[in-house]
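Next come the chains, spelled out residue by residue.
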Amino acid sequence: MNKYNSTLRAASILGIALAVGGCASSGERPDAELQTAEASIQQAVSADAREFDPVLLNQAQNRVADAEELIEQEKYVEAERLLEKASVDAQLAGARSETAKAQQAVAEINQNIDALREQMEQRQ
């Protein structure tokens, strides 16, 4: 029983040491998150975010640049958080751009409808 207790105690100490070490570690390099953030920015650019929401797009790009610096410093956890925020910012900028373009299209369609109504009224 004494041998069992000492083994259990050693395993507990090892488990605690690993848990504390895991919390203090810098995590894994967030390469996938970096690619995701960069892809989100590209999609936002393709959605004309530079025209419709340049501030949010720039914020996303700045966060990626900051995250790249953190990666160089091996601060992977902080970099991963910034990259996640950058992805969300870029996706939001893209969505806002698509919304703005859709609103412009609706306004144009409404103008065309109004013009057609006026033509019909003039013919009657």
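You'll find the structure just up there.
Residues numbered from 1 in each chain as written. Predicted model: local features only at pLDDT ≥ 70, side-chain atom pairs only at ≥ 80, totals over all residues. Heavy atoms only, no water.

*Asks:* Teacher, can you tell me more about the side chain of Asp53 here?
*Replies:* With respect to the helices and strands, Asp53 occurs in the loop between helix 3 (49-52) and helix 4 (54-72). Using a relative accessible area of 10% as the deciding quantity, one classes Asp53 as buried. Within the structure, Asp53 has its side chain in polar contact with the side chain of Arg96 (distance 3.1 Å). Excluding anything up to four places from it in sequence, Asp53 contacts Ala93, Arg96 and Ser97. (Helix = DSSP H or I, 4+ residues; strand = E, 2+ residues; numbered from the N terminus. Buried < 20%, exposed > 50% of the residue type's maximum accessible area, 1.4 Å probe, protein only. Polar contact = N/O pair within 3.5 Å; in protein donor to acceptor, adjacent residues only side chain to side chain. Contact = heavy atoms within 4.5 Å.)

*Asks:* Can you walk me through the pattern of salt bridges in this structure?
*Replies:* Any two side chains of opposite charge can pair, so long as their charged atoms come close to each other. On inspection of all chains with the given rule, the structure shows six salt bridges. Here Asp89 ties to Arg63 by a salt bridge, and the two come within 2.8 Å at their closest N and O atoms. Of this pair, Asp89 sits in helix 5 (residues 76-123) while Arg63 is found in helix 4, placing the two residues 26 residues apart along the sequence. Relative accessible area serves as the criterion here: at 9%, Asp89 is assigned to the buried category. A relative accessible area of 22% places Arg63 in the partly exposed class. Lys101 is the partner of Glu98 in a salt bridge, and the nearest nitrogen-oxygen pair spans 3.7 Å. Taken together, the residues Glu98 and Lys101, both in helix 5 and three residues apart, mark about one turn of the helix. Given a relative accessible area of 27%, Lys101 falls into the partly exposed group. Taken together, the shared-partner salt bridges in this structure form one network comprising Asp48, Glu98 and Lys101. (Salt bridge = Lys/Arg side-chain N within 4 Å of Asp/Glu carboxyl O.)

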